[in-house]
Amino acid sequence: MEVEVAGFDTFGPASGTVYNPQLHELYYFWDFDEEYTFTAPDNLADGHTSSGVGYGPVVTHTYRTSGTYNVSCLVVEPASGKSTTANLQITIGNSDTAFPGIRTVFVSPSSNFADAPAGARLAVDINQAFDMFAGNDRIPTRVMLNRGETYPFGGRNFGMNDGTSLPSTHVVAGSGSAMNPIIDMAGSFDWNDKSTSGSGTDKDFVWQNIDFKGPWDSVTETGSNVTGFNHFDRSPRVHLFDGCSFDGLDIAIYAASNDPNIAHRFIALNDCSVTNWRSYGLLYAVGVGLSLVGTKVACHPQASAGGPQDGKHNNQGPLRFHRGERLIISNCDFFNRIGWSHVGSYQSIQPCLRQNVAGDPGFFSTIQATSLEAGAGILEYTVEDGLTSGPINALVEKCYLLGNHQTWAGVRSQMGGVTIRNNVIVFPGAARDATILNPAGFIEMMYLAGGIPETYSAPIKFYNNTLVNLMQDSDYFNYPSALTEAIVASQFSDVFVGNNVIHQPNLSVPVNSDGPLEASPVLWEARDLGYRTRSVKMISATATPTNTVASYAPLVGSRALGGAVSGDVAHDDFYGNTRPPHPSRGAHEISKS
């Protein structure tokens, strides 16, 4: 869902420009009229685990129960005090009504058909079920997998040849409380619908409560490489995964398109888990929109740090996004401890989220209410090799960014058009040796020559964040010093940095004038257990202390309270609460304890 706004003082992009002020200066609060708790993420702050609300100009929500819902969106312009509310009524149908009788195929490898819906066709193999309606790509069909069973799968290519394309299809777990069906993957689901009877671009494909298990073990770096899903030209218009898990795959989902006429395809993961990968958790390329909501993309906490790109080692991070249309991330949980390149004698840990973009018109990225742990740069916006850089529209809000022993900046970008507000960024007290760079700043705006002029003139805003450095002098390999609030190359001309809380209490010359801050209770335990590879045993000194993650909200007596007296000030805070008339600096208004 997307809101178009009018009547505000903040206008959209000027003619011939990419930067859209309405995506940055207006605040959007969504109520979906349906609420459930996300179960896939392990590490999220209280208030960030509910599906019932959303933030930002572009959101997604997956309805799980049939009925009629009243969706509302409140839009606020703090600068003028203007606001408006939009409403939309949505009706969700009943799946049994949508797929009656033979339009459902019930599958059980053990021929246990007791829970099959009345009139359903029966099969003992997934491919057998697909064969029952392959080539008839105009009648939506449901495949229901019996719970508590494992389904061997050797791979399938949809739509490459006549008679192999599928209609809109839902693959779902059967009724009951047994474990989700497990698809044991020795091959990939490949979608490249070239059929003349109907393009894949008008089809939907849904997977619900299915577990996909691959052969890779990221702890021992053994097993073979199997990609879960390959999206090529003419893949489905919408491909939704709800309540699914992906474990032990080379890449869970890989999406790419070389067809410039195929646009507005969308892949969405809701309340899913991706772990134990080799190459990437998720890899997205040109022409694809992606939504991750309530989803965990976290490598195994004891995964090897990786090695060369030879197909035999762990290599990359949770998500890399190339020049897609829209990236919507909300209420998610990211963690990484692996990489393929080197920094000194160590594998360089890849970012949790890496976006390779180049000022594509219409591109928008929003990351809301999400936790991201570890990485040399935790979150990065960089230009893809061979492309000319341009401005972007990127919003990072209400997130918790936790570094590790290699982190040198929380957010790094080579392009203007970035707004970072209401986040907590923490550098843990973890040791670095002489081969690891000392951290530099909480954010870093890096100059890359050759970009179009708007690359450097589009606004950069970094405000109302809580910035915490827990390192002590002995954690630096040399020259311990306080981190810089923001490192911004001089070529960027429209920059605001302010109203942040800065807390570096453990240095010999501490920076703690914004205290006292709330350092307990621990919100969740950090997952980085320390550096290890196949040949290097776990180095415990590089581990992130498990008690690192706290709110660091201002306590009574903090000068941050009521201290945002000038410059840009966020309308709400880390938890979505409206700020009072005398707002505070930092991500929080005051401790909730």
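Residues numbered from 1 in each chain as written. Predicted model: local features only at pLDDT ≥ 70, side-chain atom pairs only at ≥ 80, totals over all residues. Heavy atoms only, no water.

Across the sheet, which stays open at both edges, the 11 strands sit in the order β9-β12-β15-β18-β21-β24-β29-β32-β35-β38-β41 with parallel pairing between neighbours. The sheet terminates laterally at β9 (156-158) and β41 (484-488), the two strands that pair on one side only. Strand-to-strand, the axes of this sheet are offset by a mean angle of 10 degrees, without reference to chain direction. One ladder, built from four bridges, connects strand β18 (residues 251-255) with strand β21 (residues 280-284); its direction is parallel. The residue bridging Tyr254 from the neighbouring strand is Leu283, located in β21. (Pairing = 2+ DSSP bridges. Helix = DSSP H or I, 4+ residues; strand = E, 2+ residues; numbered from the N terminus. Axes fitted to C-alpha atoms, helices over the stretch in contact; angles between N-to-C directions.)

On to the sheet that holds strand β8 (residues 150-153). The sheet built from 12 strands is open, its strands ordered β8-β11-β14-β17-β20-β23-β26-β31-β34-β37-β40-β43 with parallel pairing. With partners counted over all chains shown, the strands left at the sheet margins are β8 and β43 (501-503), one partner each. Pairs of neighbouring strands in the sheet enclose a mean axial angle of 10 degrees, with direction left out of account. By the bridge criterion, three bridges tie strand β31 (residues 371-373) to strand β34 (residues 400-402) in an arrangement that is parallel. Note on β34: the bridge partner recorded for Leu372 is Leu401.

With respect to the helices and strands, Gln350 occurs in the loop between β28 (346-347) and β29 (353-356). Gln350 sits in the buried class, given a relative accessible area of 9%. If we skip the residues at most four places from it in the chain, Gln350 touches Asn315, Gln316, Gly317, Asn336, Ile338, Gly339, Trp340, Ser341 and Gly375. (Buried < 20%, exposed > 50% of the residue type's maximum accessible area, 1.4 Å probe, protein only. Contact = heavy atoms within 4.5 Å.)

Our focus in this paragraph is the pattern of salt bridges. For side chains bearing opposite charge, pairing can occur when the charged atoms are close. Summed over all chains, the structure comprises 23 salt bridges. For the salt bridge of Asp247 with Lys213, the shortest nitrogen-to-oxygen distance reads 3.9 Å. Of this pair, Asp247 sits in strand β17 (residues 245-247) while Lys213 sits in strand β14 (residues 211-213), and the two are 34 residues apart along the sequence. Accessibility expressed as a relative area gives 25% for Asp247, which makes it partly exposed. Between Glu444 and Arg412 there is a salt bridge; the shortest N-O distance is 3.1 Å. Taken together, the positions of Glu444 in strand β38 (residues 441-445) and Arg412 in strand β35 (residues 409-413) put the pair 32 residues apart, joining distant regions of the chain. Of the two residues examined, Glu444 and Arg412, each falls in the buried class. A single network of salt bridges, built from pairs that share partners, joins Glu397, Lys398, Arg421 and Asp572. (Salt bridge = Lys/Arg side-chain N within 4 Å of Asp/Glu carboxyl O.)

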